[in-house]
Amino acid sequence: MTQQQTKDTGGRDRQATPMPTDMNARELARWTWRQVTSMRTALVLLLLLALAAIPGSIVPQEDVDSIGASRWRDAHPKLTPVYEKLDLFSVYDSPWFSAIYILLMISLVGCIVPRTLVYWRALRSRPPAAPRNLARLPEHAAYTTTDDPGDVVTRAAAELKRRRYRVVVGEDSVSAEKGYLREAGNLVFHLSVLVVLVGFALGGMFGYKGGVIVVVGSGFSNDLTQYDDFVPGSLFKGEDLEPFSFTVKDFEVDWLTEGPRAGMARKFVSTLDYQESPDSETKTYDLRVNHPLTIGSTDIFLIGHGYAPVITVKDGKGDVTYSGPTIFLPTDQTFQSFGVVPARFAKPKQIGLEGEFYPTFALGDGLPRSSFGDLVNPLLSMLVYTGDLGTGDSVYVLDKTDATPVLKANGQPFRLDMRPGDEIDLPDGLGSVSFDGIERWNKIQISRTPGKLVALAGVVMALVGLLGSLFIRPRRVWVRTRRSESGETVVDIGALDRSNGGDPERGELELAGIMETMQKTGEDAT
Amino acid sequence: MSNASWEALSNQAVAACGVVYFLALLAHLVQWAGLRRLAADETVTTGRTAMAGRLGVLLTVIAVGIHAVALLGRGMAADPNRVPWGNMYEFTLAGTFFVALLYLLFLRRFALEWMGPLVVALVLSLLMLAVVWLYEPVAPLTEALYSYWLVIHVVSAVIATGAFTLGGICSVLYLLKERSKADRGYLARVPELASLDRISYRMHAFGFPVWTFAVLITGPIWAHQAWSSYWNWDPKEVWAFITWVVYAAYLHARATAGWKGRNAAIVALVGLATLWFNFIGINFFSSSSQHSYAAPVTPAVVRIDPAPSEAPL
Ligand code: HEM
């Protein structure tokens, strides 16, 4: 609060507050409350919040970049326990970060409530009476005229009304005030900070975010068991999932083959057939980046894509023990991808495959790599393992702890290098592997963010309030007349700009304008 | 015109506006060399010194015009045509353009003549840095950037950056002038402390709502569409938020009597530091930002846009 306003609101003079040492409990509580809601505390808390946000941008955050976080942990075994104690891997929901913004919110409420009451009273009060000496105001002008003082007062009132002032006419003076909305803007702005926070919290509590990889041609129905990863809000319940389902019918990508961005993919379009509920009609939607599909209050996004080579494994007895599109995860922009095939039911021995898929195979510096993301020269290159493949916690990793690599006669690892259509027999009568074709997959992100419109409304409100608070200029103007000894009328005009940045030139201009009109209308009248 | 010729035009325009900014700087230097010899409260309206000042402004106007052509050329050279802020080179080009443009727009209103040499020197050096270190050939945007929110989001962020930068210049001068006892020369001639403080406040008061709009409204809307979550605590977002909070603190600081002037100027400069760090620093220091220009690290599932260059904001 500015000094000016402190005085206006009943003069809570902070300097005069006694120190905590000589206070009883009640006084101490009041003192504490005053400290918490003081402007200086708000300022310190704001700066503290900025400072506290920094570590989260330096240390990889679990929620944002979990791979980065685990890599960081591996690289810094000594620091990790310390960092974990300090919640540095999840700064933004750590107790100390929350403490700062909760204190700020308390301070905010403590600030808004009393100010709203003061504002309410100010709205209904009349512009204050003219100070004794208008010449001592920051903006002042005076002139002498032969007009009747009563006329001058009437004219001043009319002119100030025309300038949208709220006017009170006294016997020989006029008091005027305008710009009440500035404080309203300020209150709205501060209030909306709370609204945004509520919206944000709603999302955190009742929302969820899940991801699923869907092979093109197959479908998904919105059920917890179908997700690959799922992060629910703290109060989210499984039955809140909306009962929609969709099938990825088709997926198209444009590959740039020339120009500085050659190799980049563009215009991803995934054609979905979807149903809002099991018994509603089927509709079609072209899912693209920046164009999510909204079903009810759930949003569906296309966020990634890749290849799924179709692989069939026959075991030593000639039975098919594994068959189907296998999701390979791209490891770079050329879509060189990594994947595994665990054929755990193969007899007599389990068969595991692990290796790379190259959409456009090439040898660069003697090393195999993919030179382009599109399927120009696809090649699948996998090593073979046998033995106990474990239970398989992840479908993207082969547990080779109790497995051994299958070797060629010369002792080198046995490697399958296959083009679509190839079938290769494994050594030692293990079986055979065939590479039947290539399908594509889409990574679909599904999320519900309740409260997002509350948050949006909050920030829009904040902006509107802010504009009011920054650009509406609260001003008071007084005009007073008196008779001089020679019988003429001396007119004093004074103004007080109560806005923050002030704008002396504009103020002077306005004052001059008021004076000019008054003098002119005075001449017209005579 | 073909894309290649648009690109060539843009490059020539950058070079040309650099030369004209340089001439404007020379004119302002001549002007201020002339003013040095006079007492601080003397003004000149005629003669060589005044001419040089007017010439400086005129040249700046011309340079800003050519600068606009350079931006237009970048946008037209891309296929499909697009807004010219798809990488750091273009962002710097656009940012300096708005600094210079805002200076010209506010020139009369806030009597900013004294700021001429500083603005021109700043714009010129940033342009040179951009050409030498940041240049990239025109390229199509990555998929996530094809959104009209890109246009709105980035243009507002750039405008706010321009305003904050001008406000920051006032704050630096405030701090310098406060310590200087000179009665001649540049510092003696810049406006008195109270008006520096006021101009600075008003630049910030203009920039803050625009920044709010950019990072807290359009940014999240776009993030929601492109990345499925309106606020990700991504490093770029964190720093935009930090900048926002620091400038909110600046406005608070200004509103409390004790923090006017010096302390407010310091908070403003902290804000400016966070703003520039976010633009430049984060791109080089953070690998996890979805906004990153740096070569992407290997994610578990490649995002649809593992592109080497993404939006600066
Ligand atoms: C989330 C925290 C906060 C933010 C982002 C924030 C932001 C702002 C901004 C941007 C302004 C500038 C508007 C203007 O200059 O008129 C402002 C003014 C103001 N704030 Fe806050 N504020 C916060 C918390 C608080 C708290 C906790 C208090 C009370 C202690 C407070 C009291 C005020 C007052 C009284 C003004 C008006 C100053 C004047 O009279 O010009 N604010 N705030």
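Residues numbered from 1 in each chain as written. Chains lettered and ligands numbered in written order. Predicted model: local features only at pLDDT ≥ 70, side-chain atom pairs only at ≥ 80, totals over all residues. Heavy atoms only, no water.

Named according to an unreviewed UniProt entry, chain B is C-type cytochrome biogenesis protein CcsB originating from Nocardioides currus.

Per an unreviewed UniProt entry, chain A goes by the name Cytochrome C biogenesis protein and belongs to Nocardioides currus. In its Subcellular location (unreviewed entry) section, UniProt records this for chain A: "Membrane". (UniProt positions renumbered as here; feature names shortened; annotations may be inferred.)

Enquirer: Whenever I open this one, the overall build of chain A confuses me. Can you help?
Expert: Counting its regular elements, chain A contains eleven helices and 24 strands. For the C-alpha atoms alone, the extent of chain A along its principal axes is close to 125 × 60 × 55 Å. In chain A, which comprises 526 residues, the share counted as buried stands at 46%. Put simply, 61% of the contacts in chain A that link residues at least 6 apart link residues at least 24 apart. Just so you have it, chain A exposes about 26,500 Å², and 56% of that area is on carbon and sulfur atoms. (Helix = DSSP H or I, 4+ residues; strand = E, 2+ residues; numbered from the N terminus. Buried < 20%, exposed > 50% of the residue type's maximum accessible area, 1.4 Å probe, protein only. Contact = heavy atoms within 4.5 Å. Areas by Shrake-Rupley, 256 points an atom, 1.4 Å probe, with all protein chains shown as cover.)

Enquirer: Sorry, what's going on with the packing of helix α7 (residues 95-124) of chain A against helix α9 (residues 181-206) of chain A here?
Expert: All names here are of chain A. Relative to each other, α7 and α9 sit at 150°, their axes nearing to 10 Å. One way to sum up the angle between α7 and α9 is to call them roughly antiparallel. Where α7 crosses over α9, the handedness of that crossing is left-handed. Each of Tyr 101, Met 105, Leu 108, Val 109, Ile 112, Arg 115, Thr 116 and Tyr 119 in α7 lies in contact with α9, whose residues at this interface are Leu 181, Glu 183, Ala 184, Asn 186, Leu 187, His 190, Leu 191, Val 193, Leu 194 and Leu 197. The residue makeup of the contact of α7 with α9, split by class, is 13 nonpolar, three polar and two charged. (Axes fitted to C-alpha atoms, helices over the stretch in contact; angles between N-to-C directions. Parallel < 35°, antiparallel > 145°, perpendicular 65-115°, else oblique. Left-handed = near helix turned anticlockwise from the far one by under 90°. Nonpolar A, V, L, I, M, F, W, Y, C, P; charged D, E, K, R; others polar.)

Enquirer: Would you mind showing me how to read helix α8 (residues 235-255) of chain B here?
Expert: Since the α-helix turns once every 3.6 residues, residues separated by three or four places project in the same direction. All names here are of chain B. Between its first and last C-alpha atoms α8 spans 30 Å; for 21 residues at 1.5 Å apiece the expected length is 30 Å, and the two agree. Here α8 lies mainly inside the structure; 21 of its 21 residues are buried. One side-chain oxygen at the N-terminal end of α8 lies 2.9 Å from the backbone nitrogen of Lys 236; it belongs to Asp 234. (Expected span 1.5 Å × (residues − 1). Polar contact = N/O pair within 3.5 Å; in protein donor to acceptor, adjacent residues only side chain to side chain.)

Enquirer: I keep staring at the pairing of strand β2 (residues 166-169) of chain A and nothing clicks. Help me out?
Expert: In regular strands, side chains alternate between the two faces of the sheet. The pairing of β2(A) with strand β3 (residues 173-178) of chain A spans four bridges and is antiparallel. Bridging from a neighbouring strand, Val168(A) pairs with Ser175(A) of β3(A). (Pairing = 2+ DSSP bridges.)

Enquirer: I'm lost on the UniProt feature "transmembrane region" (unreviewed entry) in chain B in this one. Help?
Expert: Residues and elements named next belong to chain B. Under the UniProt annotation, the feature "transmembrane region" (unreviewed entry) is placed at residues 12-35, 55-76, 88-107, 114-135, 147-176, 205-223, 238-257 and 264-285. This span, residues 12-35, is 100% helix and 0% strand, and a straight line between its end C-alpha atoms measures 35 Å. Along residues 88-107, the helical share is 100% and the strand share 0%, with 28 Å between the first and last C-alpha atoms.

Enquirer: What exactly am I supposed to notice about the environment of Thr401(A) here?
Expert: All names here are of chain A. Among the secondary structure elements, Thr 401 is positioned in the loop between β18 (379-388) and β19 (402-405). For Thr 401, a relative accessible area of 65% corresponds to the exposed category. Along the sequence, Thr 401 and Gly 390 sit eleven residues apart, while their C-alpha atoms lie 8.0 Å from each other. A polar contact of 2.3 Å, which involves the side chain of Thr 401, links it to the side chain of Asp 399.

Enquirer: How should I be thinking about the domain arrangement of chain A in this particular structure?
Expert: How big an interface is tends to be stated in terms of the accessible area lost upon association of its parts. If you check the domain split of chain A, you get domain 1 (23-121), domain 2 (127-179 + 476-525), domain 3 (205-304 + 445-462) and domain 4 (306-442). Distance from the C-alpha centre of domain 1 of chain A to the C-alpha centre of domain 3 of chain A: 33 Å. (Domains from an automatic or database assignment.)

Enquirer: Help me understand the packing of aromatic side chains, please; the structure alone is not making it clear to me.
Expert: Pairs of aromatic rings are described using the distance from one ring centre to the other and the angle between the two planes. Residue and element names in this part refer to chain A. By the definition in use, this model includes 33 aromatic pairs over all chains. Aromatic pair Trp 72 and Tyr 83: ring centres 4.6 Å apart, planes at 25°, arrangement stacked. Of this pair, Trp 72 sits in helix α5 (residues 66-75) while Tyr 83 sits in helix α6 (residues 79-85), and the two are eleven residues apart along the sequence. Each of the two residues, Trp 72 as well as Tyr 83, counts as buried. Geometrically, the ring pair formed by Tyr 208 and Tyr 227 is edge-to-face, given 6.4 Å between the ring centres and 80° between the ring planes. Here Tyr 227 lies in the loop between β5 (219-221) and β6 (229-232) and Tyr 208 lies in strand β4 (residues 208-215), a separation of 19 residues in the sequence. (Phe/Tyr/Trp six-rings, centres within 6.5 Å; stacked < 30°, edge-to-face > 60°.)

Enquirer: In this structure, what is going on with the pattern of salt bridges? I would like to understand it.
Expert: When their charged atoms lie close together, side chains carrying opposite charge are able to pair. Residues and elements named next belong to chain A. Under the definition given, this model contains 25 salt bridges over all chains. Residues Arg 115 and Glu 183 are paired through a salt bridge, measuring 2.7 Å at the closest nitrogen-oxygen approach. With Arg 115 in helix α7 and Glu 183 in helix α9, the pair connects residues that are 68 residues apart, well separated along the chain. Among the residues examined, Glu 183 registers a relative accessible area of 13% and is labelled buried. The residue Lys 283 makes a salt bridge to Glu 276 at a minimum N-O spacing of 3.2 Å. We classify Lys 283 as partly exposed; its relative accessible area is 32%. One network of salt bridges, in which partners are shared, links Glu 139, Lys 178, Arg 473, Arg 475, Asp 497 and Glu 510. (Salt bridge = Lys/Arg side-chain N within 4 Å of Asp/Glu carboxyl O.)

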